[in-house]
Amino acid sequence: MPALLQMRGITKSFPGVRALNGIDLDLGAGEVLALLGENGAGKSTLIKVLGGAHVPNAGTIMIDGRSVSITSPQDSQRAGIGIIYQEFNLVPELTVRENIFLGQEGGTLRWIHARSEHQRARQLFERLGVPLDPEAICGSLTVAQQQIVEIAKALSQDARIIVMDEPSAALTLKEVDSLFAIIRELKAEGIGIIYISHRLDEIFQIADRVTVLRDGEHVGTEPIKTLTRERMIEMMVGRSIDDEFPKQRAAIGHERLVVRNLCRGRAVKGVSLSVRRGEVLGLTGLVGAGRTETARLIFGADRAERGEIELDGKRLTIKHPRDAIAAGICLLTEDRKSQGLVLGQTCLENFGLPNVNSFTRFGLLQHRREQSAFATYVASLQIKLTDHDQSAGTLSGGNQQKIVLAKWLERNADVIIFDEPTRGIDVGTKYEIYLLINRLAAQGKAILMISSELPEVLGMSDRILVMHEGRVTGEITDVASATQEQVMHLAIA
Amino acid sequence: MQKFVSQYGVVFVLVLLCAYYSFATLNQQHPADAATGRKLATYITLQLPNANVLIVVRDSDDDRAFAASIRQSLETAGVKPLGVAAGEPRDIVAELRRLGAAGTKLDVIVTHHASAQWTVLGEGRLKELADEFPSLANVQVLKPSSYTWPTFLTRGNLLSIGNQVAVTAIIAIAMTMVIITAGIDLSVGSLMALSGVLAAWAIHRLAGEGDPGLMTLALACFVAVLLSAAIGLLTGVMVTAFDIPAFIVTLAVMRIARGLAYQVADGPSPIGIKSEAFHSLSAGTLLGVSNPVILMVVLYFLAYALMSHTALGRYIYAVGGNPEAARLSGVPVKRVLLFVYAMCGALAGLGGVMEASLFSVGNPNSGVGYELQIIAAVVVGGTSLMGGKGKVLGTLIGALILAVISNGMYLTKVDSYTQMIVFGVLILIAVLLDQLKTRRWKL
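Residues numbered from 1 in each chain as written. Chains lettered and ligands numbered in written order. Predicted model: local features only at pLDDT ≥ 70, side-chain atom pairs only at ≥ 80, totals over all residues.

1. Some details on the interface of chain A and chain B
Taken together, the contact between chain A and chain B spans 25 residues of the former and 19 residues of the latter. Breaking the side of chain A that touches chain B down by element, the ones donating at least two residues are helix H10 (321–327), helix H11 (336–340), helix H12 (347–352) and strand S18 (364–365) of chain A. Its residues assigned to classes, the side of chain A that touches chain B shows 12 nonpolar, 10 polar and three charged. (Contact = placed C-beta atoms within 7 Å. Helix = DSSP H or I, 4+ residues; strand = E, 2+ residues; numbered from the N terminus. Nonpolar A, V, L, I, M, F, W, Y, C, P; charged D, E, K, R; others polar.)

What follows is the structure, given as structure tokens:
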């Protein structure tokens, strides 16, 4: 019996770049195929070819052994392919039911049979084993629930191949578990699933086979049973990484940042913490535990209702991010695209944003000084860009993170708060970011690192704080002998 | 090439338009200004030093100025003309008859192209007179030589384009800033009217029926501009502190300011301003260039420096591009927004004072629809209504393009309804080009 989906020799070029070069991919019915690769390896392009968003320059796509031509999203849908992108395609103002059947009304002026739609939606949710109300407004659902709506939408279109692009990125551990339950359900029905994720742990849990892409080339496809974590990373990066977390301990000095009894609403309920010179304090917990919210209060992005913040023994009044920046505290937000960078502006302008005043003489900006300052960071942080005037939106996640870092380093920040420093960043660049964190700690900065990835927290912190429902519920000082289970235990409290 | 087109495309369009209208308005030019008058006088003093000269013109300000320059130049050179005859053809005949009857010898009639066309100064008629009066036997008609040149490119026309464009272009500076922050200001037209009326009212109040002094004028203008700036600031407060969309706030302010203008003027009729000094503010020239154009150039230079070479300029772009990222980078987002709206109010106020000065009245009906013209200039100049992108100098080019088309259509006698359609289509093309630019020229 032919495989459910066969892609042969898929090649796609963009002006100046060959994004995909003769990619082969096979997916069987009832199989979960993990698609792995660093950012820029070609995963998204391959998915977009499958989804009809890109038309390949060469190659064939076969479903059940029959060649199909996919030149538009409609073609893809008709071929039985459902794609769940990272950014959902849901209309937040419409109900679950309306979203599921959007575009399937069968004609602009056709009467909509709400009741039969409702019935069908119910059946879909029963099939997935989740109790979701078809009449709920989509915008009011959690990310995990919206994902289920997307899956239901794909199923309603009789999809036999479902592609999930980083489905777990915004989910809590528990939600990931229920997602896996759904995936197993779909498998049992004979649906083939292509699963894209950076989280290797998950791939071991759910995938049957793994296909790895690198720089637009097909590196290899192997059954999960024959693979190790190290081997996977090696295939993705193209070289072996001996140690995923190159932690180096810096000399730890006096307390730099001290936070006492920080409060804001229900998100942050009396958080106290301190970070020492040269120390990396890992702050972890489940999504919604109040970690990001705490960081935003320290940085002045939101106004604290109560609490004290001291830096090097000096009491600070922080009402705006401006105050925090002036005092030497900076925040690398978890969402770089919407909070960290002005994507339409150039890299140089983003770098200059908090620093323009120091490049200003007699009210006029001195472009040359700004340029040369930026150039030193481009070199020292190894930021990959074609020129300083390249728009920040065109960079990869890792390089964007480095631009954000550069702008704060130029401000000479003493306290650096990383919120999910490696989210959406590929393995190779992750390693570089870790090295940077080491370097900053060695320079005597105090580093607060917020992360949901337990291996990262355990691998890179000198000390770990765990939060749960707005409170600090535990501290781990002996990081070397701590385990993920120990952290999870504190996180669930 | 693509980079060239996207960055200098609008300049190219402007040049093309100018070239087109230069070609389309290629005509016989018949100069009749002071400089031409002096040239004629020099010719006479050199070639006909002892001639008796009569200067003949129509009865209008321009013609009198022409005549006066000839007379003055002749007198400085030591030639005493018989006089200036200004009026209708029959007045001229009467004057000639008078000279003839008195037996005064007449050698040269100096005039310009238009009067030279009169039958009175035609050969037949002059011969009849010569037969009647012997002293008029050898009269020679002298006029400036004509030449072929585009009407579009005459000094007078270019100056009038400059004057037309100055007020809108000046307000468009601040509009560009507002639009770069992803906002909009619909109240500028009404603010112009309010500011003009206020200035007129204040001058009237302070000076009564007499001629206002310079201090009075300065004070009145200052108050008008300051008040407009304050209203702009208030708009900014509504937008920043209460998060009301700028479109709604300025729509309301547009009505309020117009109403206030009528109230101050006590009805729809304009308040007159009797002051030469105030009029010369807009009507005067410096080195041959009118004051509004000079002011416009200076302000554009300052705005360019602000947007490209100061922290504030960088902030304005950042706030439009991503306000949250800007705030988290320490940009005082609210203050930046307050600044751009206050600036928009202030420049609208300045525009109102300039308009009042040009027409010597504070008119509560002035500036109707200007906001749309100004926004059109900004859009044609390549600034994106989505915010974050745009150039002040692009706006200047945009305003010039609109003014050149308007002027060109007037010169080529396109009717006003067609003009409206052309402007509408032009705005669509501008936006379309912008879209294509962001799509990297792929359809």
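2. Looking at the domain arrangement of chain A
All names here are of chain A. When its domains are assigned, chain A resolves into domain 1 (5–237) and domain 2 (255–492). Averaged C-alpha coordinates put domain 1 and domain 2 at centres separated by 33 Å. Sort the elements by how many residues they give to the side of domain 1 that touches domain 2 and helix H8 (residues 229–237) lands first, with three residues. For the side of domain 1 that touches domain 2, the residue count by class is four nonpolar, three polar and one charged. (Domains from an automatic or database assignment.)

3. Considerations on helix H1 (residues 43–51) of chain A
Residues and elements named next belong to chain A. Burial of H1 is extensive: nine of the nine residues sit out of reach of the surface. Within the span of H1, buried status applies to Lys43, Ser44, Thr45, Leu46, Ile47, Lys48, Val49, Leu50 and Gly51. Phi turns positive one or two residues past the end of H1, at Gly52, with a value near 85 degrees. (Buried ≥ 20, exposed ≤ 12 C-beta atoms within 10 Å, placed from the backbone.)

4. So, the domain arrangement of chain B
Each domain of chain B was delimited in the assignment, giving domain 1 (34–145) and domain 2 (152–438). Computed over C-alpha atoms, the centres of domain 1 of chain B and domain 2 of chain B are 48 Å apart.

5. Points about the sheet that holds strand S2 (residues 53–57) of chain B
Hydrogen bonds along the backbone pair up the strands of a sheet, which may run parallel or antiparallel. Residue and element names in this part refer to chain B. Strand order across the open sheet formed by four strands is S3-S2-S4-S5, with parallel pairing between neighbours. Here the strands that pair on one side only, and so sit at the sheet edges, are strand S3 (83–86) and strand S5 (140–142). Strand-to-strand twist in this sheet, taken as the mean axis angle between neighbours without regard to direction, amounts to 25 degrees. In the sheet, S2 pairs with strand S4 (residues 108–110) via three bridges, with the strands oriented parallel. Across the sheet, the residue bridging to Val53 is Val108, located in S4. Helix H3 (residues 61–76) contacts S2, S3 and S4 of the sheet and is inclined by roughly 165 degrees relative to S2. (Pairing = 2+ DSSP bridges. Axes fitted to C-alpha atoms, helices over the stretch in contact; angles between N-to-C directions.)

6. Some details on unusual backbone geometry
Phi angles above zero are rare outside glycine, and Phe362(A) is one such case at about 50 degrees. C-beta crowding within 10 Å serves as the criterion here: with 5 such atoms nearby, Phe362(A) is assigned to the exposed category.

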